[in-house]
Every structure is written in structure tokens, then in C-alpha cells.
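Listed below are the residues making up each chain.
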Amino acid sequence: MKTGEQTISLPPRARVIHYLRQALAAGVFAPGDQLPSEQELCRQVRVSRTTVRAALQTLEAEHFLNCEGRRRFISAAHAGSPRKSTLFTETVAVLDDEVYPEDEASCWGEWEVFYHLNREAVRRNCHTFSFKTGDFTPAKAEHLVREHPLGLILLHQNRTPSEAIRRLLDGCRSAGIPLVRYESDTPECPGADVIASDHRQGCAKLTRWLIGQGKKRILRYWRLNSLDPARPNWLVQRDLGYEDAMREAGLEPLPAVEYTYYDQDRTPTRRDFDCRVYEATGRLYEYQALHGRVDAVVCASDGVTFSVAAACRKLGLKPNRDLWIAGYDNNYYNCPDRMFEETLPLVTADKNNRRLGLALFEQLLRRRERGGDGRAERLLLPQELVFPRSLQQEV
């Protein structure tokens, strides 16, 4: 809310009082809403902290505000001035860096999370509006906070938020706008509830299944994004789950193979696939020469399993017989490399992206009902194993 020329001509203390009364009339605040911090009011109205405190004391004496400790709220006596209903009051703002396809068949991974988040919002007669962080400015951040959306959900974005994003998050916290974060390497956001897939539980379950099938030398074949040098949290959690299962069985965890890759914004060609196969062949050959024969491989995603299967043949091994191949993400049916290799992973871990999308929206509504009370929650959703083909077909 802008102070405006007429407001600026008022004395400083009157300017603060006028600003807050106008905010209530415009629907920026509703009865019972907590006011922004004194520091934030100083920045918005461009006055000193002493002036803000004097104005707030005046409003408390007039019963415009209620004071609870250091927190101040719009008095319930102003119930006749409800928040103005706008499109944004029924809209969930989604902060993201991705561009998503429109149809469900093309969605997997975080795309699928967003797809089902959007569908759940529509089912509840709400809207979603996706903001890309790349062109987000401080002015846009302030405008979004003033519109007071139903809540803000943080999906995939850069680890280090920009000044505009930090201002947006601070403004949402001050205005009491619920914050929910999807943990897939999104930056830390104090005060936000977290919904995440339980990678530790999922990888442990996958490893235990392989051990139960008699596999004792299980290799982790991890692919990392070259554009993000930091080790992602989901991979740290998978390593912990793998080590949990191996040590429970009295087996020594094997060193992992980790390599970087470059994302391509085009459909892969046969030549692209052959390059990945040659790379996998070299890495598997070198690893087994140094550490001995392995009998199972857990890949970072289902998309990697196809080049690993083709690499097995180059090494004189039959995939899923001499070397068992496990995937991750349960998206083998959408993987482009499937056109070049018919072997499917024996087992894959499903992160249940549909449930994650629903849980993000449900948690936002719970946070809104709970208000600012209570500590931020962290909810982990269990992963399940999926078997693309029966063992009799493959082994």
C-alpha cells in the first residue's frame, strides 16, 4: 500500500495512523490480523521507529489495536471492516523456477507435484499462480504481499534466494501469510512448514529388498547436476538409507559412483544415448576393477537404468540376471532413453508425487487455520516400491 502524496504531507505520527486505518479500509488487514513488525512499518511509511511506536500507542489507546506482549493485532471491534475479497485472497502463490507441461501424461518428478497441487486447488475452488524467481523484483514482492494471497508455496528454486525473494518471505511472515516449502533443495525458509518425500526410508526399503533377493554387493550409481555443485539433500538422505539397510544386514556399504551430467533442452538422439552408454561402461568396468564384482546397481533415477542396462551387454553381462538394476522415481514409462533400450528396471522407488502435491495444499490450509501459533512442522511422506515387470520375466 503506497503512502500517497496526501499522506506524506501529514505529520509523521499522523501519517502512520492514517496508513494503518487506510490499510484496514482497503482490506490489506482484517480484524484479528497481526501487524507487521515496527521495523517493517518504518520501511513502509518511511518514518523513524520512535514515530511508529508513538503512533501505535495512540492506536492502542483508541482500541484500534490490541497488544499481546510484543505483538499487535487489529482489534475485533472492527469486524465491520472485513478484508476486501480479491482474486488473490482465493489464490495460492507458487514460487518456482520450472516450466511445466499442461497434460498429466507429460508430467513426472516435480512437474507431477505441481500438477496435482494445482488440481487439488481447483477442486477446493481455489486458484494457483506460479511466479518465476528469475524476474522477481522487490516491487513485485511488495505488491504480492499487499494482495495477501491464500498462501505461498515454495517449489524448486535456487539455493540462495535473491533480495526480492527474501523480502517476499519476510513480508509474508509479517502479514501472516502461510508459508509451505517442498523440500527438494529449496532454500531454508524460517517459519515455513516442510513437506518432503522420505528418501532415507525409500532407499533403505529398496536396498533391503535387494538384500532379501540375495544381493550383497550393491552399488549406488548417482548422477548429479553439473549446474549445481552442492550435494543435494535428497542424495544425502538416500545414502543414509542405503547405509542403514546394509549395516542392518551385517554388510559393508560400498563406495558410490558419482558423476555429473548436463541437462539438455531437447529430445535425446541415438548418439546422445550411445555417449551415456560408453560412459556407464567405462565407469562400471573401472569400479569393478578397483572394488570387485557387484551384483546389483541402484541408479539415481529410472532414466539412468537404460544406459546402465546397455553398458552391461558391452561388459558381457546380461542385465537383470548377471547384474540387477534398480531405478528411482517410478517414471521409466516416460524416459526418452526407453526408445533405445527395452530393459526395464527390476524395481523402482515411487516418491508418490501425487500425494506430495495434495499434501502441500492441505498443509497450507492447516497452517492458515492454525495462524501464526505453533512451531513449523516437517512432514515426511513414505516412498513405495514398484515392480515394472515380474522377476520371472526378467531373471
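Residues numbered from 1 in each chain as written. Predicted model: local features only at pLDDT ≥ 70, side-chain atom pairs only at ≥ 80, totals over all residues. Heavy atoms only, no water.

Chemist: Which residues make up the overall build of the protein chain, and what values go with them?
Modeler: A tally of helices and strands in the protein chain yields 13 helices and 14 strands. Counting across all 395 residues of the protein chain, residues that qualify as buried make up 50%. The long-range fraction of contacts in the protein chain, counting pairs at least 24 apart against all pairs at least 6 apart in sequence, stands at 74%. Just so you have it, the protein chain exposes about 19,400 Å², and 49% of that area is on carbon and sulfur atoms. (Helix = DSSP H or I, 4+ residues; strand = E, 2+ residues; numbered from the N terminus. Buried < 20%, exposed > 50% of the residue type's maximum accessible area, 1.4 Å probe, protein only. Contact = heavy atoms within 4.5 Å. Areas by Shrake-Rupley, 256 points an atom, 1.4 Å probe, with all protein chains shown as cover.)

Chemist: Give a description of the sheet that holds strand 4 (residues 127-132) that names residues and reports values.
Modeler: The 6 strands lie next to each other as 4-3-5-6-7-13, forming an open sheet whose pairing is parallel. Each end of this open sheet is capped by a strand with a single partner; those strands are strand 4 and strand 13 (378-381). Across the sheet, the mean angle from the axis of one strand to that of its neighbour is 20 degrees, orientation sign disregarded. Pairing of strand 3 (residues 91-96) with strand 4 involves 6 bridges; the strand directions are parallel. Across the sheet, the residue bridging to V92 is T128, located in strand 4. Where helix 7 (residues 163-175) meets the sheet, it contacts strand 3, strand 5 (151-154) and strand 6 (179-182), and its direction lies at approximately 140 degrees from that of strand 5. (Pairing = 2+ DSSP bridges. Axes fitted to C-alpha atoms, helices over the stretch in contact; angles between N-to-C directions.)

Chemist: So what's going on with the nonpolar core? Residues and values would help.
Modeler: Grouped together as the largest cluster of nonpolar side chains are 41 residues, with contacts concentrated most on L206, L210, I218, L219, Y221, V298 and V308. The residues touching V308, leaving out its near neighbours within four places in the chain, are Y221, A280, L284, C299 and I325. (Core = buried A, V, L, I, M, F, W, Y, C linked by side-chain atoms within 4.5 Å.)

Chemist: Any chance you could break down helix 12 (residues 353-370) for me, citing the residues and the numbers?
Modeler: Compared with an ideal rise of 1.5 Å per residue, which puts 18 residues at 26 Å, helix 12 spans 25 Å between its outermost C-alpha atoms and is within 8% of the ideal. Looking only at helix 12, the buried set comprises N353, L356, G357, L358, A359, L360, F361, E362, Q363, L364, L365 and R367. (Expected span 1.5 Å × (residues − 1).)

Chemist: Let's hear about the environment of I325: which residues, and what values?
Modeler: Here I325 lies in strand 11 (residues 324-328). For I325, a relative accessible area of 2% gives the class buried. Taking the C-alpha atoms as reference points, I325 and L210, separated by 115 residues in sequence, lie 9.8 Å from one another. The contacts of I325, once residues within four sequence positions are left out, are V297, C299, T305, V308, A309, C312, P319, N320, P345, L346 and V347.

Chemist: Got a sec to walk through the environment of A296? Specific residues and values, please.
Modeler: Its place among the elements puts A296 in strand 10 (residues 296-299). For A296, a relative accessible area of 0% gives the class buried. It is 5.3 Å that separates the C-alpha atoms of A296 and L323, two residues lying 27 residues apart in sequence. Ignoring any residue separated from it by four or fewer positions in sequence, one finds A296 in contact with L210, K215, R217, I218, L219, L323 and W324.

Chemist: Just give me the short version of the packing of aromatic side chains, but keep the residues and values in it.
Modeler: Overall, the coordinates contain 6 aromatic pairs when judged by the stated rule. Judged by centre distance (5.1 Å) and plane angle (45 degrees), the ring pair of Y221 and Y259 falls under tilted. You can see Y221 sitting in strand 8 (residues 218-225) and its partner Y259 sitting in strand 9 (residues 257-261), a full 38 residues away along the chain. Owing to a relative accessible area of 2%, Y221 belongs among the buried residues under this scheme. Among the aromatic residues, those joined into a ring-pair cluster are W209, W324 and F387. (Phe/Tyr/Trp six-rings, centres within 6.5 Å; stacked < 30°, edge-to-face > 60°.)

Chemist: Describe the pattern of salt bridges, and please don't skip the residues or the numbers.
Modeler: Inspection of the entire model under this criterion finds 26 salt bridges. Ionic pairing is found between R43 and E40, a salt bridge with its closest N-O pair at 2.5 Å. In this pair, R43 and E40 both sit in helix 3 (residues 38-45), 3 residues apart, roughly one turn of the helix. Between E60 and R72 there is a salt bridge, with its nearest N and O atoms 2.6 Å apart. Highlighted residues: E60 in helix 4 (residues 49-61) and R72 in strand 2 (residues 71-74), separated in sequence by 12 residues. Judged by relative accessible area, which is 22%, E60 ranks as partly exposed. Relative accessible area serves as the criterion here: at 17%, R72 is assigned to the buried category. Through salt bridges with shared partners, a single ionic network connects E38, R49, R53, E60 and R72. (Salt bridge = Lys/Arg side-chain N within 4 Å of Asp/Glu carboxyl O.)

Chemist: So, the environment of H291: which residues are in play, and what are the values?
Modeler: Along the chain, H291 falls in helix 10 (residues 270-291). Looking at H291, the relative accessible area reads 36%, which means it is partly exposed. Remark: the alpha-carbon pair of H291 and P255, spanning 36 residues in sequence, is separated by 8.6 Å. Leaving out residues up to four positions away in the same chain, H291 has contacts with R217 and P255.

Chemist: Account for the state of the cysteines, with residues named and values stated.
Modeler: With the rule as written, the count across this model stands at 0 disulfides. In this structure C299 is a free cysteine whose sulfur lies 9.0 Å from that of C312, the closest cysteine sulfur available. Relative accessible area serves as the criterion here: at 0%, C299 is assigned to the buried category. (Disulfide = S-S within 2.5 Å.)

Chemist: Help me get a handle on the side chain of T348, residues and values and all.
Modeler: Relative to the helices and strands, T348 resides in strand 12 (residues 347-350). A distance of 2.7 Å separates the side chain of T348 from the side chain of D302, its partner in a polar contact. With sequence-adjacent residues up to four places away left out, T348 is seen in contact with D302, G327, Y328, D329, N330, Y332, E384, L385, V386 and P388. (Polar contact = N/O pair within 3.5 Å; in protein donor to acceptor, adjacent residues only side chain to side chain.)

Chemist: Tell me about helix 2 (residues 12-26), and name the residues and values.
Modeler: Its 15 residues place the ends of helix 2 21 Å apart at the C-alpha level, agreeing with the 21 Å of an ideal helix rising 1.5 Å per residue. Among the residues of helix 2, those classed as buried are R15, V16, I17, Y19, L20, A23 and L24. Phi for G27, located one or two positions after helix 2, is positive at around 90 degrees.

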